[in-house]
Amino acid sequence: MIHFQKKTQQFDLISENSQLSLGVLPSGHLATYYYGEKVGTVDLSYVVKEIKRASYMADTDCIKDFKLEQIPLAYPAYGNPDMRTPAVQLILADGTRITNLRYLDHRISEKQLIPGLPSCQHETAEMLTIRLVDQENKLRVSLLISVFPQHDVFTQNIQIENLGSTPITIDRCMSGSLDFLSDKYDLLTLGGAWGREAHQNRRRLVQGFQGVDSKRGASGHGQNPFIALLDQEVDENHGTIYSMNLVYSGNFLALADVDMHQNTRLQIGINPFEFSWKLDAKEIFHTPEVVMVEAQQGLNQLSARYHKFYTECLIPKNFAKKTRPILMNNWEATYFDFDKETILALAAEGKKLGMELFVLDDGWFGQRNDDTSSLGDWQPNVEKLGGTLEQLIATINQIGMAFGLWIKPEMVSPNSRLYQKHPDWIIRVTNQEPQQVRHQYVLDLSRKEVQDYLIATLTNLLTENNISYIKWDMNRNITDSGSSSLEREQQKELAHRYILGLYRVLDEITKRFPDVLLESCAGGGGRFDPGMLAYSPQIWTSDDTDAIERLEIQKGAALIYPQASMSCHVSAVPNHQVGRITTLKTRGMVAQQGNFGYEFNLLELSEKEKADIQQQITEYKTIRETMQFGEFRQLQVYDNRNEYAWLQQKNDQVIVSHVFVQAHGNTVPKRLKLSGVQPDRYYLSADDGKMISGRELMNIGLSLPVPTHDYFATRWCFTQVSDR
Ligand code: DGJ
């Protein structure tokens, strides 16, 4: 619900449990009165009025003690007279940069789409548009804030409109900016590198500027476009959290800035580094959307809100709640070294063991037998495939498997026919040799002709072949940031224009082929963000397939992204990335935390190993719905450096998984207490047929076995019943 109190000029956006309240000050400035647990439509203007005044700050509008720098502002500009980090900064027609934005009017409507950018949608969402205007500078800035009542989520995007007749330049335009009147928080972000993405990084806030960003042209392996403030006591089940996640796949900045009086400003948006945007007369610029989620009951409540929200309001409807197939990918099985016989034998073996979708990875096109060639030449290599792609797919379909194909549309190899024909289509600066990463250049997706070429190529491929799944890879970052198609003063628009181009291609392809399941990938989790989720229901979580490495990666990703969106495979041992040997049981249990599949050479397995896999798949099929779409919780463990535990539950099924990383001598494991089950219900254990109450499971917990080796995994399956 959106409520406007006319007398006090206060806006209340209220969902079932959360609230965001803003107010127009007598000066016309827009303040954030409150964000957090629902408190109702009470007059909250006292929050601002009662702030005690500090010294050495400018008065606003020459009114004594009206110090804008101390007020929690909804969309702050710099230097008039707030001196904190601004949300917006522009170069105006006369070259000056000081704006004077005051309330103009507001409107309540249905939630609107954002032109050119993905956004969250739901039929129950309502949107409040507040327009701020700078009369002298002929500028309008609108905040489009939406409430999703059943999801306890608010979203915001910004429109900047040049009402004048001369171009202006946008240097900074964050999507979200929230001021908190305290600094007693921890900062939580998700960071890492290629092969170890999404690790949770938690540290105390300190005075000054702190945060994370990406300058890589993609949201990146290094940081996720997510930031949260946590009460210092927050754990899985307790404490207050405020968070922001950006629906964007390019360069971003997420920051917390603690001022001189222990107030915290939290912001997220397009990274102002290497960004500017020329806004011509009468033009409008749209920022990406920020998703804001708060929680009062710790990390699990935060995750539950994000998971439900992304499943119901962002991920393509056709797949959001659709059972995902168990796939077999040939990458770690064969790499580039395959032929028709191997592919068909792998598919046949996969089918025998219970797999449902065969994915042909890199190496099926052009002359690509290693990573030095052919990207851009998306014609099947008929010699290597022993016939046309159509024929290969038909045989795989006859075997009883659906067919999926890998492609890396944004990249081009220097020795491809495409590059020979269009050397000007790549991102580069003139007069400098462009850098290569893995022998590839990046196509300049800011150019319409490149976008059109990609749309046509993908359309042909998907029209001519019975492809039910695409793995869309993109595995290099953007160096040499320059485009021959952009004017001198627009070069800093390239990174954002690239993402707009990418979204146009994805939008067109997913609209033309809504039944093709898209899995995005950027060398693993290098672009695992809500922007990509809007088109691809699942994302390859990491190129590191080791079960133990995956524990931390998946724990981080699952903090905000639904488990059905995280692709996770069982691979060979010794693991190809870290050389570790783990049991099939451990690998299976960890991979089943997300979208389950296999990625190793089934043709090299013993009969016993095959039988074990067959059994693993048969068992998985009985719990698949719960694992993919059930409510997900991380469980508290005794030693969180050595143990991981999680629970999924749906309808009456509860699945609990626990992994010890190392086995230690003469230790007695502590009990594993569950959370999220019904205290007054009973749970029937599939292992020993015993009945136990939810209250016991939560307060006394399960008895953990003593690990007899490293990487020791245990699973419990329960059925909920109402009576003993
Ligand atoms: C990077 C991906 O993350 C891998 O899974 C695989 O598809 C390779 N690219 C293929 O080159």
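Right above here is the structure, for reference.
Residues numbered from 1 in each chain as written. Predicted model: local features only at pLDDT ≥ 70, side-chain atom pairs only at ≥ 80, totals over all residues. Heavy atoms only, no water.

Q: Could you give me a rundown of unusual backbone geometry, with the residues and numbers involved?
A: A cis amide bond links Asn-80 with the next residue in sequence, Pro-81, at an omega value of -10°. In this structure, Pro-81 sits in the loop between helix H1 (46-49) and strand S5 (88-91). The omega angle of the peptide bond from Val-573 to Pro-574 is -10°, so this bond is cis rather than trans. Among the structural elements, Pro-574 can be located in the loop between strand S29 (566-571) and helix H13 (584-591). (Helix = DSSP H or I, 4+ residues; strand = E, 2+ residues; numbered from the N terminus.)

Q: Can you break down the packing of helix H5 (residues 340-353) against helix H7 (residues 389-399) residue by residue, with the values?
A: With their axes 9 Å apart at the nearest point, H5 and H7 run at an angle of 20° to one another. One element, H5, and the other, H7, form an angle in the roughly parallel class. Crossing of H5 against H7: the hand is right-handed. Note on element contacts: H7 touches H5 through Leu-392, Thr-395, Ile-396 and Ile-399, opposite Lys-340, Ile-343, Leu-344, Ala-347, Ala-348 and Lys-351. Partitioned by chemical class, the residues of the contact of H5 with H7 number seven nonpolar, one polar and two charged. (Axes fitted to C-alpha atoms, helices over the stretch in contact; angles between N-to-C directions. Parallel < 35°, antiparallel > 145°, perpendicular 65-115°, else oblique. Left-handed = near helix turned anticlockwise from the far one by under 90°. Contact = heavy atoms within 4.5 Å. Nonpolar A, V, L, I, M, F, W, Y, C, P; charged D, E, K, R; others polar.)

Q: Summarise the site of the ligand; cite the residues concerned and give the values.
A: In the vicinity of the ligand, 13 residues are found, and the nearest of them are Asp-361, Asp-362, Lys-471, Asp-473 and Asp-543. In the model, an oxygen atom of the ligand is placed 2.8 Å from a nitrogen or oxygen of the Lys-471 side chain. Take Asp-473: an N or O atom from its side chain is 2.7 Å from a nitrogen atom of the ligand. About the coverage of the ligand: the protein hides 97% of its 290 Å² of free accessible area. (Near = heavy atom within 4 Å. Polar contact = N/O pair within 3.5 Å; in protein donor to acceptor, adjacent residues only side chain to side chain. Areas by Shrake-Rupley, 256 points an atom, 1.4 Å probe, with all protein chains shown as cover.)

Q: Please set out the packing of aromatic side chains residue by residue, giving values where relevant.
A: Tallied over the entire structure, the rule returns 28 aromatic pairs. When the centroid spacing of 4.7 Å and the interplanar angle of 55° are considered together, the rings of Phe-596 and Tyr-620 count as tilted. Pair noted here: Phe-596 is in strand S30 (residues 595-599) and Tyr-620 is in helix H14 (residues 607-629), with a separation of 24 residues, a long-range link. Note on Tyr-620: relative accessible area 0%, which makes it buried. Between the aromatic rings of Tyr-598 and Phe-600, the centroid separation amounts to 6.3 Å while the plane-to-plane angle is 45°, which identifies the pairing as tilted. For the residue pair Tyr-598 and Phe-600, the accessibility class agrees, reading buried in each case. Linked through ring pairs, Phe-148, Phe-226, Tyr-306, Phe-309, Tyr-310, Phe-528 and Tyr-561 together constitute an aromatic cluster. Between Lys-384 and the ring centre of Phe-338, over which it is positioned, the NZ or CZ distance is 4.3 Å. The ring centre of Trp-540 lies 4.8 Å from the NZ or CZ of Arg-550, which sits over that ring. (Phe/Tyr/Trp six-rings, centres within 6.5 Å; stacked < 30°, edge-to-face > 60°. Buried < 20%, exposed > 50% of the residue type's maximum accessible area, 1.4 Å probe, protein only. Lys NZ or Arg CZ within 6 Å of the ring centre and 35° of its normal.)

Q: Residues and numbers for the environment of Asn-381, please.
A: Residue placement: Asn-381 occurs in the loop between strand S22 (357-360) and helix H6 (382-385). Owing to a relative accessible area of 8%, Asn-381 belongs among the buried residues under this scheme. Apart from the residues within four sequence positions on either side, Asn-381 is in contact with Trp-364, Phe-365, Gly-366 and Gln-367. One polar contact links the side chain of Asn-381 to the main-chain carbonyl oxygen of Gly-366, over a distance of 3.2 Å.

Q: Can you break down the pairing of S29 residue by residue, with the values?
A: Taken across its six residues, S29 has six buried, putting it largely inside the fold. Residues of S29 alternate between two faces, with Met-566, Cys-568 and Val-570 on one and Ser-567, His-569 and Ser-571 on the opposite face, all of them buried. Bridge analysis of strand S28 (residues 538-540) against S29 gives two bridges, and the strand direction is parallel. Bridging from a neighbouring strand, Ile-539 pairs with Met-566 of S29. Handedness of the crossover joining S28 and S29 through helix H12 (residues 547-560): right-handed. Of the strand pairs in this sheet, S29 and S30 are connected by five bridges, and their pairing is parallel. Bridge pairing links Ser-571 to Glu-599 in S30. Once the chain exits S29 it traverses H13 before rejoining the sheet at S30, and the crossover so formed is right-handed. (Pairing = 2+ DSSP bridges. Right-handed = clockwise from strand over helix to strand, strands pointing away.)

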